[in-house]
Amino acid sequence: MTSVPQMRSPRACLICSIVRNHRQFMNEGCPNCEEILQLRNQPDAIAECTSSLFEGVITLADPRSSWVAKWLRLSEYAPGIYAAKVSGALPEDIVDALKANGIVYIPRDGGEVEDSREVEE
């Protein structure tokens, strides 16, 4: 039997919704968004770009073959624990940087934009 690591002060990335504790974000950053967010050793960036307010968790061992990962647009991300919904908003300068790099930011708060998505077969 495998044990689940204890999560103290869990937070979810506002871009990819991976759930990690504050220390993990400090030490390792975000495995999916580090190049953009640069969270490693940046407590202010962690506070701005992650949220402690999230609902539901999904554990993905093989995101590429999971229908849940496809439905939540997580299939290209690293294996891990992800939130189903994350409350919070990215700072405008981060959203602008994403747009400048051709990345479409879709909030993971379960709002209208997210609910209208279609799952690719």
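Structure: see above.
I will try to describe carefully the structure that is included in this document. Values in this document were obtained by computation on a predicted structure and should not be read as measured data.

## Side note on unusual backbone geometry
If you check the backbone angles, Asn41 has positive phi at about 60° while not being a glycine. Inspection of the secondary structure puts Asn41 in the loop between α2 (34-37) and α3 (43-49). Positive phi, normally seen in glycine, also occurs at Arg73, with a value near 60°. Looking at the secondary structure, you find Arg73 in the loop between α4 (67-71) and β5 (80-86).

## Details of the state of the cysteines
Within the structure shown, the criterion is met by zero disulfides. Counting only cysteine sulfurs, Cys16 is the nearest neighbor of Cys13, a cysteine outside any disulfide, at a range of 3.8 Å. Summary of cysteine pairing: Cys16 is not part of a disulfide, and the nearest cysteine sulfur, belonging to Cys30, is at 3.5 Å.

The rules behind the values
Residues numbered from 1 in each chain as written. Predicted model: local features only at pLDDT ≥ 70, side-chain atom pairs only at ≥ 80, totals over all residues. Heavy atoms only, no water. Helix = DSSP H or I, 4+ residues; strand = E, 2+ residues; numbered from the N terminus. Disulfide = S-S within 2.5 Å.

So far we have only geometry, and geometry alone does not tell us how the molecule works.
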